[in-house]
Amino acid sequence: MEAFDFSHERDIGLGDLVSRVKAYYPEADFEMLEKAFHYATKWHSGQKRSSGEDYIIHPINVSATLIKLRLDMDSIVAGLLHDVVEDCGVTPEEIEKEFSTDVAQIVVGLTKISKIKFKTKEESQAENFRKMVVAMAKDLRVIIVKLADRMHNMRTLQYVSDEKQKKVAQETLDIYVPLASRLGINSVKSELEDLCLRFLKPDIYYRLAEKIAMKKSEREVYIRETVDTIREKLLEYSLQAEVKGRSKHFFSIYKKMIARGVGFEQIQDILAFRVMVGNITECYKALGIIHSSFTPIPGRFKDYIAIPKVNNYQSLHTTVIGPRAERIEIQIRTYEMDEVAETGVAAHWKYKEGIKSGKKKLDWVEELLEFNQNVENSHEFLSVVKNDLDVGGVFVFTPKGDVRELRYGATPLDFAYAIHTDVGNHCVGAKVNGKMVPLRHVLKSGDTVEVMTSKNQTPSKDWLNIVKSSRAKTKIKQWLLKVERDHNKELGTEVLEKTLKSFGSSIKALKKHGDIEPLYKAASCSNFEELLINIGSGKTASRELISHIPSLRDKAVEISEVQLKELDSYSKKLSKNVKKRANKDNAVIVDGESDVMVRLARCCNPIPGDPIMGYITRGRGITIHHANCERVDADSLTRSVSVEWNSEFRFKHPVTIRVVTYDKPGILSTISKVITAINVNIRSAIAKSLPDRKGSFIFEIEVQDYSELLKTISTIESIEEVISVNRV
Ligand code: MN
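Once a new chain begins, its residue numbering starts again from 1 and follows that chain's sequence as written. Per-residue local features are limited, in this predicted model, to residues with pLDDT of at least 70; the limit for side-chain atom pairs, both in listing and counting, is 80 or more; totals at the level of whole chains, interfaces and linings are taken over all residues. Hydrogens are left out, water is left out, and the side-chain values use all remaining heavy atoms of the structure.

### Re the overall build of the protein chain
Inference 1: Here a helix means four or more residues in a row that DSSP labels H or I, a strand means two or more in a row labelled E, and each is numbered from the N terminus. Helix and strand counts for the protein chain stand at 30 helices and 21 strands.
Inference 2: Working definition: with a 1.4 Å probe on protein chains only, accessible area under 20% of the residue-type maximum means buried, over 50% means exposed, and in between means partly exposed. The 728 residues of the protein chain split such that 47% are buried.
Inference 3: Residue exposure ignores everything except the shown protein chains as possible cover, and the areas themselves are Shrake-Rupley values with a 1.4 Å probe. Summed over its atoms, the accessible surface of the protein chain is roughly 36,900 Å², and 50% of this surface lies on carbon and sulfur atoms.

Here it is as structure tokens:
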């Protein structure tokens with residue numbers, strides 16, 4: 001496969017397009033291609049480009065680029081028609097009628113993108129990205145055609161004003177280059193980069209061009225010799241390979257100059273060679289032969305075959321000392337990998353597979369979209385997009401050896417959600433490389449992750465702070481929301497039933513009388529379920545609904561005092577339950593206040609099960625003390641509020657205990673072992689020698705509640721050498 005040449009082609013007609021498509025896709029719909037060609041020519045007739053050429057030369061070049069990338073016919077036709085809606089007033093409906101729904105959709109997507117107003121400010125750039133991602137999500141081909149459009153505009157940018165050159169080039173570098181890179185279309189990416197350099201830093205570009213043009217014939221001889229040498233070395237081991245050599249792209253040389261802080265003269269390795277072979281085994285074989293024939297530079301070998309880049313790029317990279325003692329970079333890959341490297345995601349629409357099997361969307365695009373709905377400001381979105389466009393991430397293995405791609409900073413919980421929503425929802429922990437880790441553990445590339453689940457486990461709010469991927473965040477939120485709705489519906493049903501019972505009725509009776517609809521309408525709900533949820537969450541008082549039930553309207557006055565009281569106490573109990581659930585993340589429920597800041601006092605460090613009292617501290621919310629705490633005086637008692645432990649709260653509480661033992665070697669490890677054996681975590685341990693050959697140990701442990709603490713203490717007490725165990 002030859003390198004792509006995206007140069008502007010002046011004399012190119014329908015015949016060229018047809019024969020080029022035929023070369024890879026003989027059974028394509030050439031009738032549609034021909035029709036589109038004439039259609040575009042007709043609508044653009046009379047229009048001119050800045051270069052003075054007929055306008056039609058632009059859409060033709062765009063579709064020629066798409067043909068080079070071997071896209072499907074819908075994309076090629078959309079390339080020809082991409083400007084007729086915007087510039088000629090043709091309607092999308094007409095395109096759909098004349099060509100196809102897909103073509104019309106791609107053209108509409110392109111028209112939308114062209115209307116995005118680009119500004120240099122970061123905030124608005126985020127907005128641009130957001131819109132681009134939305135456009136991509138409908139059909140990725142929109143972006144590929146857009147890239148081809150941009151390629152031709154960049155190719156002919158010298159004909160527009162200096163000011164416009166800079167603006168368009170900067171926009172290309174900021175938005176289209178990262179997109180091409182993320183989509184893995186490297187041929188387009190490096191071409192666009194070089195063009196950006198040409199218009200943004202012309203001095204550097206032309207000096208580089210000059211340097212490379214200098215000694216051009218000498219370099220060509222050198223390239224040819226090196227290519228031959230490599231090929232011969234491989235043949236010695238009967239390895240058939242295609243070897244190519246070229247000067248590196250200007251932009252990559254420029255990046256190297258910046259990164260190393262060096263000038264043109266110091267830049268040595270400007271040549272790159274590529275070895276292409278039939279299969280993966282041959283790739284490694286070729287690498288071995290090259291490393292034994294030329295001296296490899298240590299630390300420059302990269303294996304993107306074993307661990308591909310996020311955009312699916314695969315290749316072996318190495319740098320060696322070439323035949324003339326010059327550093328040369330060599331890439332080794334299969335022919336298939338080469339095609340993926342050059343055309344990236346475009347390979348999905350290759351003629352063979354066709355659009356039907358091609359994946360229209362990519363996971364990361366969908367993830368960005370989900371995220372798009374959950375973020376408030378564009379700035380946050382931009383940082384995520386940038387993060388996502390940054391090629392690279394964390395690659396971890398499943399126990400079976402499959403590779404999963406995760407974001408930087410991903411935790412075992414992200415991994416669990418990446419496998420399946422159910423696995424995520426029931427994840428209790430994970431083993432990384434065989435060792436237990438907490439859910440917050442940050443994964444590194446190469447880790448093997450094994451998720452542990454329990455059917456009793458369910459997501460909690462604090463998980464939202466643990467996960468990095470927007471997919472996992474969305475799934476957790478969905479679960480939390482559903483649980484709350486289900487629970488409220490259940491409670492609401494119970495309360496309504498109870499209320500109705502005291503009026504001698506029931507939900508069943510209401511249904512029989514046709515009273516359900518008037519009832520939820522009276523409460524301005526759109527259906528019965530919504531009403532039940534509102535009752536359950538305490539938004540609607542069930543007793544007030546009675547007067548809206550036609551069959552009960554008269555009975556409403558007959559309710560007795562006792563019944564009223566009973567109902568009231570019932571709804572109080574209910575609202576308390578609701579409060580408990582709303583405060584799932586708080587260890588303590590404060591009566592009468594739903595959202596108060598609660599602090600556990602350090603002096604007495606109460607844990608669930610301890611008798612507690614709370615009092616209001618100025619500016620600090622409410623402090624919870626052990627009921628017997630000495631710090632609590634008469635003054636604070638006047639500010640006390642009623643508090644109770646929240647049974648829904650599942651976090652571990654730190655407690656400090658002192659263990660006094662007879663001094664004996666290994667006693668610390670004995671105690672530690674019995675503590676961990678009952679699944680209690682030790683946060684820290686301090687050992688101290690006492691007189692009389694005794695030892696004192698201060699442990700900070702984490703327990704669920706008081707009963708777990710008691711269990712821990714009695715377990716430690718059972719050790720023979722232990723004299724006493726006390727909570728401090
Ligand atoms: Mn265009």
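### Concerning the confidence of the model for the protein chain
Do not read the predicted coordinates in detail wherever pLDDT is low.
Inference 1: The pLDDT value expresses, per residue, how confident the predictor is, ranging between 0 and 100. Here the protein chain averages 81 in pLDDT, while 84% of its residues score no lower than 70.
Inference 2: pLDDT under 50 marks residues 351-361. Its contacts with residues more than four places away, or in other chains, come to 23 contacts.
Inference 3: Two residues qualify as a contact provided that any one of their heavy atoms is within 4.5 Å of a heavy atom in the partner residue. Every residue in residues 387-392 scores below 50 in pLDDT, and together they form 17 contacts with partners more than four places removed in sequence or on other chains.

### Brief notes about the coordination of the manganese ion
Inference 1: Nitrogen, oxygen and sulfur within 2.8 Å of a metal are treated as its donors, or within 3.2 Å for sodium, potassium and calcium (Na, K, Ca); water is not counted, so a site can appear incomplete. The manganese ion binds to the protein through His58 (NE2), His82 (NE2), Asp83 (OD) and Asp149 (OD); the donor distances cover 2.2 to 2.7 Å.
Inference 2: Between the donor residues of the manganese ion, the gaps in sequence give the motif H-x23-H-D-x65-D. Of the two residues, His58 is situated in helix H3 (residues 57-68) and His82 in the loop between helix H4 (73-81) and helix H5 (84-88); the sequence distance between them amounts to 24 residues. A single burial state applies to His58 and to His82, both of which are buried.

### Points about the packing of helix H23 (residues 470-502) against helix H26 (residues 528-536)
Inference 1: Axes here refer to lines fitted to C-alpha atoms; in helices the fit is confined to the stretch in contact. Angles between the N-to-C directions go from 0 to 180 degrees. Closest axis-to-axis distance for the H23/H26 pair is 6 Å, and the angle between their directions is 85 degrees. Taken together, the axes of H23 and H26 lie roughly perpendicular to each other. Contact residues: Arg485, Asn488, Lys489, Leu491, Gly492, Thr493, Val495 and Leu496 in H23; Phe528, Glu529, Leu532, Ile533, Ile535 and Gly536 in H26.
Inference 2: Split into classes, the residues belonging to the contact of H23 with H26 amount to 7 nonpolar, 4 polar and 3 charged. Orientation is classified from the angle alone, with under 35 degrees giving roughly parallel, over 145 giving roughly antiparallel, 65 to 115 giving roughly perpendicular, and any other angle giving oblique. Charged residues are taken to be Asp, Glu, Lys and Arg, nonpolar residues to be Ala, Val, Leu, Ile, Met, Phe, Trp, Tyr, Cys and Pro, and polar residues to be all remaining types, Gly included.

### Side note on the sheet that holds strand E9 (residues 427-432)
Inference 1: Strands are labelled as partners when DSSP assigns at least two bridges between them. Strand order in the open sheet formed by 3 strands is E10-E9-E11, with antiparallel pairing between adjacent strands. The open sheet is flanked by strand E10 (435-437) and strand E11 (449-453), the only strands paired with a single partner. Across the sheet, the mean angle separating the axes of adjacent strands is 35 degrees when strand polarity is ignored.
Inference 2: Bridging between E9 and E11 involves 5 bridges; their strand directions are antiparallel. Opposite Lys431, over in E11, you have Glu450 as the bridge partner.
Inference 3: Its contacts with the sheet place helix H20 (residues 412-419) against E9, E10 and E11, and it is angled at close to 80 degrees to E11.

### What to know about the packing of aromatic side chains
Inference 1: Paired rings are identified among Phe, Tyr and Trp, the last through its six-membered ring, by centres lying within 6.5 Å, and are further divided according to the angle between planes into stacked (under 30 degrees), edge-to-face (over 60) and tilted (the rest). On inspection of all chains with the given rule, the structure shows 8 aromatic pairs.
Inference 2: Seen from their ring centres, Tyr24 and Tyr25 are 6.4 Å apart, and the 35 degrees between their planes marks the pair as tilted. Neither residue differs from the other here; Tyr24 and Tyr25 are each classed as buried.
Inference 3: Aromatic side chains Tyr39 and Trp43 sit 6.3 Å apart centroid to centroid with 55 degrees between the ring planes, which places their arrangement in the tilted category. Here Tyr39 pairs with Trp43, and both are found in helix H2 (residues 30-44), just 4 residues apart, close to one helical turn.
Inference 4: Lys22 extends its terminal NZ or CZ atom over the ring of Phe30, reaching a point 5.1 Å from the ring centre.
Inference 5: By definition here, charges over rings are those cases where NZ of Lys or CZ of Arg is within 6 Å of the ring centre and within 35 degrees of the ring normal. When the ring centre of Tyr55 is taken as origin, the NZ or CZ atom of Arg49, which lies over that ring, is 5.9 Å away.

### Things to note about unusual backbone geometry
Inference 1: Of note in the backbone geometry, Ser238 takes a positive phi value of approximately 45 degrees without being a glycine.
Inference 2: Among the structural elements, Ser238 can be located in the loop between helix H13 (216-236) and strand E1 (242-247).
Inference 3: Positioned with a positive phi, Arg693 is a non-glycine residue whose angle comes to about 55 degrees.
Inference 4: By relative accessible area, Arg693 is classed as exposed at 67%.

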